[in-house]
Amino acid sequence: MSKNIDSVLNENRVFPPSEAFTARAALRTPEEYARLHRWSVEQPEAFWAEQAEGLDWFRKWDRVRNWDNPPFAKWFEGGRINAAFNCLDRHLAERGDKVAIQWEGEPGTAEDRRALTYRDLHREVCVFANVLKARGVGKGDTVAIYMPLVPELAIAMLACARIGAVHSIIFGGFSAPALVDRITDASSKVVVTADGGWRRGQVVPLKHIVDDALKNTPTVTSCIVLKRTGQAVEMVPGRDVWWDAATAGVSSECPAEELDAEHPLFILYTSGSTGKPKGILHTTGGYLLGAQLTTRYVFDLRHEDVYWCTADIGWVTGHSYVVYGPLANGATVLMYEGAPNYPGPDRFWEIVARYKVSIFYTAPTAIRAFIKWGDAEPAKHDLSSLRVLGSVGEPINPEAWMWYHRVIGGERCPIVDTWWQTETGSIAITPLPGITPTKPGSATFPFFGIDAAVVDDKGNELPNGQGGFLVIRQPWPSMLRTLWGDDERFRDVYWKRFAEQGYYLAGDGAVRDQDGYFWILGRIDDVLNVSGHRLSTMEVESALVGHDAVVEAAVVGFNHEIKGEGVAAFVTLGVGAVKTDALKDLLKRHVRDTIGAIAAPDQIHFTDSLPKTRSGKIMRRLLRDVANGVESKGDMSTLEDLNILAKLREEED
Ligand code: 7RM
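Residues numbered from 1 in each chain as written. Predicted model: local features only at pLDDT ≥ 70, side-chain atom pairs only at ≥ 80, totals over all residues. Heavy atoms only, no water.

Peer 1: It is not clear to me how helix α3 (residues 44-52) should be interpreted in this structure. Could you clarify?
Peer 2: The α-helix winds at 3.6 residues per turn, so residues separated by three or four positions along the chain end up facing the same way. Turning to α3, its buried residues number three or more, namely Pro44, Phe47, Trp48, Ala49, Gln51 and Ala52. Next to the buried residues of α3 lie α2 (30-42), β1 (63-69), β2 (72-77) and α10 (284-298). (Buried < 20%, exposed > 50% of the residue type's maximum accessible area, 1.4 Å probe, protein only. Helix = DSSP H or I, 4+ residues; strand = E, 2+ residues; numbered from the N terminus. Contact = heavy atoms within 4.5 Å.)

In structure tokens:
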């Protein structure tokens, strides 16, 4: 990006937390936030030393932060700790009988509802840890996990953490070649999987896919298979073993390894737009502290809460906010295996009502689907147990935010729009629900210890109102440590651009408004350049979603003889809206009226769905290819549904 982004934001609604909420919250006043945040960035070592007392350490650290050799940070050097111990053992005395995981399977039969107490979970984790050891897994070995969203997925993760093995979870929607890449890159010895998983009433044949992959992964010696769906699978003698058989009669005595704070906890692959997937590496002490502290403060977590983050554990939100963060706090976590619209579009709301969910954390892509399915679905259920709502994964368009606030939150629940990345490990920019007056579409302010700023291409901080690069100016405990096996790429991707200043480049554009609120403008690579004006995709998309007929929009640039780049909009309509040329004209005019002529789309394409990653992010890079009429190159392994792309291309012909 050579120039800054011309932000055209125009959102003035403000929602302060209710007095009733604030009165009971852990943190209450803007002054308290400001004081703690200032302390956290001015004296990070003192701040983090105090926060780290909230975890259980076998041995305290000698040094809080080591930034002698940037960009390679070390936190809590000399300290010894175990993540599984912090998520399980330390809760046993006080709340061993509290439900840790309340699980519901997609089919929803009686045996599909399981409640595991902290004591149950501790026992299962110890048993499985012994199984891993017996299969030759030791400290530092990587274990690939490819499972549906069942309690055994959390058990397998925590079992790895307990013995110092490094888990590499591969989302259950990925194909065999994606598995091969990830297993090979991490040299995993053991794969943990299931016969299948349920998704929208269908079985995803996980074991079949693993069998395909294992033809090309010489490092794997062992494959442990959970029986979930019951369909026939092939078991390779000597290599494959059923979970039940492997765990039968195995001891539940397994002391937690006392690991260095910087011992690797997990690798999680994220796709770049080019090249092979990046293995994001997180280590134990700093990561766990970030996950634990953010879960407590961002969701105002209390012991009586029933906490539901709808993310799959196969992406980072599930690692930090289904497993490590809530369990490190001794919370009751709800886990649901399947699709939000199975058997009907009210499944989520039925679950909220059944278990009296009080904290609900989901993604804008899901919220836009709920809007499309209609207000009548949530209205069928009692949602009065909800008290905090969260959003993560993409910018949430103001209209989607307003719907979430009104229809799901009953205008009573604070919404935390949390910006963060696989790389940041835990939430980095977010409201605090008892404190921050929220604005629809803004992630508001940095969390403690996050020294975020919006800078120009020279690294100079921009004044409020000017869009530019989002950076983090000093290290934080839960930051990634490197890319697995590729320090060079780690430097190149995140640190090279502002090497002189030592800033972390997030890869997103952002702007602060007149009150200093952060607004995330989307990925820098997606920024449009129309007649020399740099526009964020998010702002044009939000204008479109602001029209009654539209539920979702993706905006990309295409080569335009005169403007340099023209604006192409891919638009999904709500129920009842009709795809006509008149509506296209209306939408163009609507954008012109709300933002200005410069942003008015040159092309509008109606589509029933958009190409997304499996975690729900719109893949604009692929739409750009469609708008330009060229073939798509680069990594497509994360695309949820290849058919969507083919369909979009057909519509162009
Ligand atoms: C947690 C997660 C990271 C990218 C990030 C942004 C986008 C995430 C928000 C958001 C606007 C948000 N990890 N992003 N949260 N954009 N507002 N609240 O999503 O590694 O998969 O993606 O997601 O572009 O850089 S991730």
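Back to the text.
Peer 1: Where do I start with the site of the ligand in this structure?
Peer 2: Surrounding the ligand, one finds 17 residues, the nearest of these being Asp417, Thr418, Thr422, Asp508 and Lys617. Contact distances for the ligand include 2.8 Å between a nitrogen atom and a backbone N or O atom of threonine 418. Protein chains shield 91% of the accessible area of the ligand, which is 520 Å² for the free molecule. If you list the elements that add at least two residues to the shell around the ligand, you get α11 (316-328) and β25 (518-523). Looking at the shell around the ligand residue by residue, the classes come out as seven nonpolar, five polar and five charged. (Near = heavy atom within 4 Å. Polar contact = N/O pair within 3.5 Å; in protein donor to acceptor, adjacent residues only side chain to side chain. Areas by Shrake-Rupley, 256 points an atom, 1.4 Å probe, with all protein chains shown as cover. Nonpolar A, V, L, I, M, F, W, Y, C, P; charged D, E, K, R; others polar.)

Peer 1: In this structure, what is going on with the side chain of arginine 387? I would like to understand it.
Peer 2: Tracing the backbone shows arginine 387 in the loop between α14 (376-379) and β19 (388-391). Of the polar contacts made by the side chain of arginine 387, one reaches the backbone oxygen of aspartate 300; its length is 2.6 Å. If we ignore the near neighbours within four places in the chain, the residues touching arginine 387 are Phe21, Phe299, Asp300, Leu301, Arg302, Asp305, Ser358, Ile359, Cys413 and Pro414.

Peer 1: Can you walk me through the pattern of salt bridges in this structure?
Peer 2: Two side chains with opposite charge may pair up if their charged atoms get near one another. Within the structure shown, the criterion is met by 50 salt bridges. The salt bridge partner of lysine 60 is glutamate 53, with a shortest N-O separation of 3.1 Å. The partner of aspartate 211 in a salt bridge is lysine 207, with the nearest N and O atoms 2.6 Å apart. Of the two residues, aspartate 211 and lysine 207 are both situated in helix α8 (residues 206-214); the distance of four residues between them amounts to about one turn of the helix. (Salt bridge = Lys/Arg side-chain N within 4 Å of Asp/Glu carboxyl O.)

Peer 1: Looking at this model, I keep getting lost on the pairing of strand β22 (residues 468-472). Mind explaining?
Peer 2: Consecutive residues of a regular strand have side chains that alternate between opposite faces of the sheet. β22 sits mainly inside the fold: five of its five residues count as buried. As judged from the four bridges shared by strand β21 (residues 452-455) and β22, these two strands associate in the antiparallel manner. Opposite alanine 452, over in β22, you have isoleucine 472 as the bridge partner. As defined by bridge partners, β22 adjoins strand β24 (residues 504-512) across four bridges and the pair is classed as antiparallel. Across the sheet, the residue bridging to valine 471 is leucine 505, located in β24. (Pairing = 2+ DSSP bridges.)

Peer 1: Would you mind going over unusual backbone geometry with me for this structure?
Peer 2: With the exception of glycine, most residues fall at negative phi, and the peptide bonds are largely trans. Cis geometry marks the peptide bond from proline 70 to proline 71, where omega comes out at 5°. For proline 71, the location among the structural elements is in the loop between β1 and β2. Phi is positive for lysine 356, which is not a glycine, with a value near 50°. Here lysine 356 is to be found in the loop between α12 (347-355) and β18 (359-362). Overall, lysine 356 belongs to the exposed group, its relative accessible area being 57%. Phi is positive for threonine 444, close to 70°, though the residue is something other than glycine.

Peer 1: Just checking my understanding: could you explain the packing of aromatic side chains for this structure?
Peer 2: For any pair of aromatic rings, geometry is given as the distance between the ring centres together with the angle between the planes. Under the counting rule described, the total for this entry stands at 42 aromatic pairs. A centroid spacing of 5.5 Å and a plane angle of 45° characterise the contact between phenylalanine 72 and phenylalanine 490, whose relative ring orientation is tilted. One end of the pair, phenylalanine 72, is in strand β2; the other, phenylalanine 490, is in helix α16 (residues 487-494), with 418 residues separating them in the sequence. Residue phenylalanine 490 is classed as buried on the basis of its relative accessible area of 0%. With centroids separated by 5.6 Å and ring planes inclined at 15°, the aromatic side chains of tyrosine 494 and tyrosine 504 adopt a geometry described as stacked. Pair noted here: tyrosine 494 is in helix α16 and tyrosine 504 is in strand β24, with a separation of ten residues, a long-range link. For the pair tyrosine 494 and tyrosine 504, one class covers both residues: buried. Each member of the aromatic cluster is reached from another via a ring pair, and the members are Tyr33, Trp39, Phe47, Trp48, Tyr297, Phe445, Phe447, Phe448 and Tyr517. Taking NZ or CZ as reference, lysine 227 lies 4.7 Å from the ring centre of tryptophan 242, over its face. (Phe/Tyr/Trp six-rings, centres within 6.5 Å; stacked < 30°, edge-to-face > 60°. Lys NZ or Arg CZ within 6 Å of the ring centre and 35° of its normal.)

That is the geometry; function is a separate question.
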